[in-house]
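Reading the structure
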Amino acid sequence: DAGVTQSPTHLIKTRGQQVTLRCSPKSGHDTVSWYQQALGQGPQFIFQYYEEEERQRGNFPDRFSGHQFPNYSSELNVNALLLGDSALYLCASSPAGGPYNEQFFGPGTRLTVL
Amino acid sequence: AQSVTQLGSHVSVSEGALVLLRCNYSSSVPPYLFWYVQYPNQGLQLLLKYTSAATLVKGINGFEAEFKKSETSFHLTKPSAHMSDAAEYFCAVSERTGNQFYFGTGTSLTVIP
């Protein structure tokens, strides 16, 4: 089992550009969550996808959008990048069933905005 | 919304000494509680979780945590620190009626030889 995989590993963009990050969940998981982890901070919840729909969203602007595909993989899109968007973006997957389920995290994508 | 407080952003212990990392949550309804560890340039790995079974939860690598409702706490302990325990530790909560994980700001553990 490959676990949760994310691509790319690192990414450098300039202000105003758009970026797409990708995530493949752990085998057997159908729920994908995205988090932003700024340097020295804990992960902040962006949103969660289940059955190709956004099920819950954290306190992030509409510049952050996502998608889940029929194979449960997911994308995170960020438009009009700001310097403050520089962070480690973590994808986590979990099986359906409830908030008591452990979330399995990928290694993250390090986004740098110049 | 939930909030999670981890007291002490940096903790240093000697190898073989007790490890105690503190976590307090804000909800009046006991949530589900988790401890994760993050090694440099890696994702988060689950150490243990509390989901309303036994209040003393045992996890991997000799770690355990005790849920105390009266104190709204879920502190992480390990009797004897090992050099390989040096990492960033995050406490997280998940509300029983939602799907969102709330993370604390993390505690960086240093183990002194």
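The structure reproduced in this document is the subject of the present report. All values derive from a computational prediction rather than experimental measurement. (Residues numbered from 1 in each chain as written. Chains lettered and ligands numbered in written order. Predicted model: local features only at pLDDT ≥ 70, side-chain atom pairs only at ≥ 80, totals over all residues. Heavy atoms only, no water.)

1. Things to note about the interface of chain B and chain A
- Taken residue by residue, the interface counts 21 residues in chain B and 21 residues in chain A.
- Regarding the contact of chain B and chain A, the summed buried area is about 1,700 Å², with carbon and sulfur atoms giving 53% of it.
- Joining chain B to chain A, the criterion identifies two residue pairs in polar contact (both at pLDDT 80 or more).
- Sorting elements by how many residues they give to the side of chain B that touches chain A places strand E5 (residues 32-38) of chain B first, with four residues.
- Of the residues assigned to the side of chain B that touches chain A, the class counts are eight nonpolar, ten polar and three charged. (Contact = heavy atoms within 4.5 Å. Buried area = accessible area lost by both parts, 1.4 Å probe. Polar contact = N/O pair within 3.5 Å; in protein donor to acceptor, adjacent residues only side chain to side chain. Helix = DSSP H or I, 4+ residues; strand = E, 2+ residues; numbered from the N terminus. Nonpolar A, V, L, I, M, F, W, Y, C, P; charged D, E, K, R; others polar.)

2. Structural notes on the packing of aromatic side chains
- Scanning all chains against the criterion turns up 16 aromatic pairs over all chains.
- Here the aromatic rings of A:Tyr35 and B:Phe103 are separated by 5.6 Å at their centres, their planes lie at 90°, and the arrangement is edge-to-face. You can see A:Tyr35 sitting in strand E4 (residues 31-37) and its partner B:Phe103 sitting in strand E11 (residues 101-103), one on each of two chains. For the pair shown, A:Tyr35 and B:Phe103 are each scored as buried.
- Measuring from ring centre to ring centre gives 6.3 Å for B:Tyr50 and B:Phe74, while their planes differ by 50°; the resulting arrangement is tilted. (Phe/Tyr/Trp six-rings, centres within 6.5 Å; stacked < 30°, edge-to-face > 60°. Buried < 20%, exposed > 50% of the residue type's maximum accessible area, 1.4 Å probe, protein only.)

3. A look at the pattern of salt bridges
- Going through the model one piece at a time under the given rule, you end up with five salt bridges over all chains.
- Note that A:Asp85 and A:Arg63 form a salt bridge whose closest N and O atoms lie 2.9 Å from each other. One end of the pair, A:Asp85, is in the loop between strand E8 (74-78) and strand E9 (87-94); the other, A:Arg63, is in the loop between strand E6 (53-57) and strand E7 (64-68), with 22 residues separating them in the sequence. Side by side, A:Asp85 and A:Arg63 carry an identical accessibility label, which is buried.
- Its salt-bridge partner being B:Asp85, residue B:Lys78 comes within 2.9 Å of it at the nearest N-O pair. Residue B:Lys78 shares its accessibility class with B:Asp85, and that shared class is buried. (Salt bridge = Lys/Arg side-chain N within 4 Å of Asp/Glu carboxyl O.)

4. Overview of the sheet that holds strand E1 (residues 5-7) of chain A
Residue and element names in this part refer to chain A.
- The sheet built from four strands is open, its strands ordered E1-E3-E8-E7 with antiparallel pairing. Edge positions in the open sheet fall to E1 and E7, since each of these has one partner strand only. Strand-to-strand twist in this sheet, taken as the mean axis angle between neighbours without regard to direction, amounts to 20°.
- The sheet contact formed by E1 and strand E3 (residues 19-24) spans three bridges and is antiparallel. Residue Ser7 lies in a different strand from E3, and its bridge partner there is Arg22. (Pairing = 2+ DSSP bridges. Axes fitted to C-alpha atoms, helices over the stretch in contact; angles between N-to-C directions.)

5. Topic: unusual backbone geometry
Residue and element names in this part refer to chain A.
- Look at the link from Ser7 to Pro8: it is a cis peptide, with omega at -10°.
- In this structure, Pro8 sits in the loop between E1 and strand E2 (10-13).
- At Tyr72, a residue that is not glycine, the phi angle is positive and equals roughly 80°.
- For Tyr72, the location among the structural elements is in the loop between E7 and E8.
- A positive phi is found at Ala80, a non-glycine position, where the angle reads about 45°.
- A relative accessible area of 38% means that Ala80 is categorised as partly exposed.

6. Here's the deal with the state of the cysteines
- The full count for this structure, using the stated rule, is two disulfides over all chains.
- Between the sulfur atoms of A:Cys23 and its disulfide mate A:Cys91 the distance is 1.8 Å. Judged by the sign of its S-S torsion, about -60°, the cystine formed by A:Cys23 and A:Cys91 is left-handed. In this pair, A:Cys23 sits in strand E3 while A:Cys91 sits in strand E9, placing the two residues 68 residues apart along the sequence. As far as burial versus exposure is concerned, A:Cys23 and A:Cys91 are alike and both buried.
- Across a sulfur-sulfur distance of 1.9 Å, B:Cys23 and B:Cys91 are joined as a disulfide pair. Residues B:Cys23 and B:Cys91 are joined by a disulfide whose S-S torsion is about -60°; by sign, that bridge is left-handed. (Disulfide = S-S within 2.5 Å.)

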